[in-house]
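One-letter residues, chain by chain:
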Amino acid sequence: VTSPCKILKCNSEFWAATSGSHHLGTEEAPEFCTALRAYAHCTRRTARTCRGDLAYHSAVHGIEDLMEQHNCSKDGPTSQPRLRTLPPGDSQERSDSPEICHYEKSFHKHSAAPNYTHCGLFGDPHLRTFTDTFQTCKVQGAWPLIDNNYLNVQVTNTPVLPGSTATATSKLTIIFKSFQECVDQKVYQAEMDELPAAFADGSKNGGDKHGANSLKITEKVSGQHIEIQAKYIGTTIVVRQVGRYLTFAVRMPEEVVNAVEDRDSQGLYLCLRGCPLNQQIDFQTIRSAQATEGRARRKGPSLPAPPEAFTYETATAKCREKLPVEDLYFQSCVFDLLTTGDVNFMLAAYYAFEDVKMLHSNKDKLHLYERTRDLAPGNVAPSGHPAALWVVLLCLSQCWLCLL
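Residues numbered from 1 in each chain as written. Predicted model: local features only at pLDDT ≥ 70, side-chain atom pairs only at ≥ 80, totals over all residues. Heavy atoms only, no water.

Trainee: Outline the overall build of the protein chain, supporting the account with residue identities and numerical values.
Mentor: When its secondary structure is counted, the protein chain shows 10 helices and 12 strands. Taken over 404 residues, the protein chain has a buried fraction of 48%. Taking as baseline every contact in the protein chain between residues at least 6 positions apart, the subset at least 24 positions apart corresponds to 61%. Approximately 20,300 Å² of the protein chain is accessible, and the part contributed by carbon and sulfur atoms is 54%. (Helix = DSSP H or I, 4+ residues; strand = E, 2+ residues; numbered from the N terminus. Buried < 20%, exposed > 50% of the residue type's maximum accessible area, 1.4 Å probe, protein only. Contact = heavy atoms within 4.5 Å. Areas by Shrake-Rupley, 256 points an atom, 1.4 Å probe, with all protein chains shown as cover.)

This is the structure in structure tokens:
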């Protein structure tokens, strides 16, 4: 599924036409206005298909502000001019950011180091929350991953195949909110088959403010892997395209994670609260059933062959190539291969774990093993196994009868 909203195309065309435009002299202002009108015309053409798109609405408001700042008329030519690029040593390359724009440097030497947390989303999709709870969720459509005072992250999950219950992340929008003298508001948006190495306005840092370089985007592998460093909030974000779908991973200080004005709104903040109970899938039970079904199929040859490309045994063997430890990442890999038949989901699980190794601050918590489907109030996984709990209750009841 490819989004019909073409705002990324509009953004890239405008950036190509106005690279370095905020340093233009007054004599080039008419050309900048021409590019702005072309930008506005492009957004109007795609308006009908972009109604719920955060990057689209950000672009529309940005155009209005720029037209007002540069006294541009809405009427006039809309041809795309090519303007000069940024000169060497420009503000886009500044490194003299103020201390307030570096989260770790703002801590005094005698202060305790900040505690960092990790959240990741990958595959069909599987969620690892900031509290190290691991869930497999349906969450089809648009859902907020992070929503705090500094940034918003929203993902859109679509069916892998028509009519399939398996979904994967097809779109990702990140909004970095304007912060003091450090950064202007910036929007990053990625879609299936389009992983830009720049923000929606074409820039690669936080804008014109003095601490602009405390927000930077770096392309690690063209079209496959980008990293965003937001030093002013001590945050690192990794976005990958694996196959046709996206993965997301973040390292963030607890102070930033919990910086929310209205704590009641955190109920939809998936990285913190997890997926709603009615959106969660107990993939381990399904996996066990698939394994049992596979054994029954071998004993009863009259049963029809499975439609998927992988059997439980071949999926297990394939996942073990990249994930030798049979933790929840390994089990997620097996589940995804069985439900989608797409080997790229094995790579998604592998890279998700590689990102955990890079971003998680507690190396003793890299692997997760416990089932997390049966959640207590507040979406916190209970400790212990239901069967063990039943044994304890049975023993207590027997003791009570003895006392009587």
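Trainee: Describe the sheet that holds strand β5 (residues 151–159), and please don't skip the residues or the numbers.
Mentor: Pairing is antiparallel across the open sheet formed by four strands, whose spatial order is β4-β5-β6-β7. Pairing within the sheet leaves two strands with one partner each, and these edge strands are β4 (141–147) and β7 (186–191). Averaged over all pairs of adjacent strands, the angle between their axes in this sheet comes to 20°, without regard to strand direction. Sheet analysis places β4 next to β5, joined by six bridges and oriented antiparallel. (Pairing = 2+ DSSP bridges. Axes fitted to C-alpha atoms, helices over the stretch in contact; angles between N-to-C directions.)

Trainee: So what's going on with the packing of aromatic side chains? Which residues, and what values?
Mentor: Inspection of every chain in the model, using the stated rule, returns 10 aromatic pairs. Its guanidinium or amino end placed over the ring of Y116, R251 lies 3.7 Å from that ring's centre, counting from NZ or CZ. Its end group placed over the ring of Y350, K322 keeps NZ or CZ at 4.6 Å from the ring centre. (Phe/Tyr/Trp six-rings, centres within 6.5 Å; stacked < 30°, edge-to-face > 60°. Lys NZ or Arg CZ within 6 Å of the ring centre and 35° of its normal.)

Trainee: Residues and numbers for the state of the cysteines, please.
Mentor: The tally for this structure, following the rule as stated, stands at seven disulfides. Each sulfur in the disulfide pair C10 and C42 lies 2.0 Å from the other. Judged by the sign of its S-S torsion, about -80°, the bond between C10 and C42 is left-handed. Here C42 lies in helix α2 (residues 29–45) and C10 lies in helix α1 (residues 7–18), a separation of 32 residues in the sequence. The buried category is assigned to C10, whose relative accessible area is 2%. Under the relative-accessibility criterion, C42 is labelled buried at 7%. Here C319 connects covalently by a disulfide to C333, the sulfurs 2.0 Å from one another. What sets the handedness of the C319 and C333 disulfide is the S-S torsion sign, and at about -90° it is left-handed. (Disulfide = S-S within 2.5 Å.)

Trainee: Break down the sheet that holds strand β11 (residues 245–253) for me, with residues and values.
Mentor: Where strands meet in a sheet, backbone hydrogen bonds hold them as pairs that are either parallel or antiparallel. With antiparallel pairing, eight strands are arranged side by side in an open sheet as β8-β9-β10-β11-β1-β2-β3-β12. The sheet is open, and its two borders are formed by β8 (215–221) and β12 (280–281), each paired with just one other strand. Both strand β9 (residues 225–230) and strand β10 (residues 235–242) contribute to a ladder of six bridges, which runs antiparallel. Directly across from I226, in β10, lies its bridge partner V239. Here helix α9 (residues 344–359) sits on the sheet in contact with β1 (116–122), β2 (126–128), β9, β10 and β11, set at roughly 165° to β10.

Trainee: Could you give me a rundown of the packing of helix α8 (residues 328–340) against α9, with the residues and numbers involved?
Mentor: Two numbers describe how α8 lies on α9: the axes approach to 8 Å, and their chain directions differ by 160°. Our classification of the angle between α8 and α9 gives roughly antiparallel. When the axes of α8 and α9 are compared, the crossing they make is right-handed. Contact residues: Y329, C333, D336, L337 and T340 in α8; F345, M346, A349, A352, F353 and V356 in α9. Class assignment for the residues of the contact of α8 with α9 results in nine nonpolar, one polar and one charged. (Parallel < 35°, antiparallel > 145°, perpendicular 65-115°, else oblique. Left-handed = near helix turned anticlockwise from the far one by under 90°. Nonpolar A, V, L, I, M, F, W, Y, C, P; charged D, E, K, R; others polar.)

Interpretation in functional terms is not warranted from these geometric data alone.
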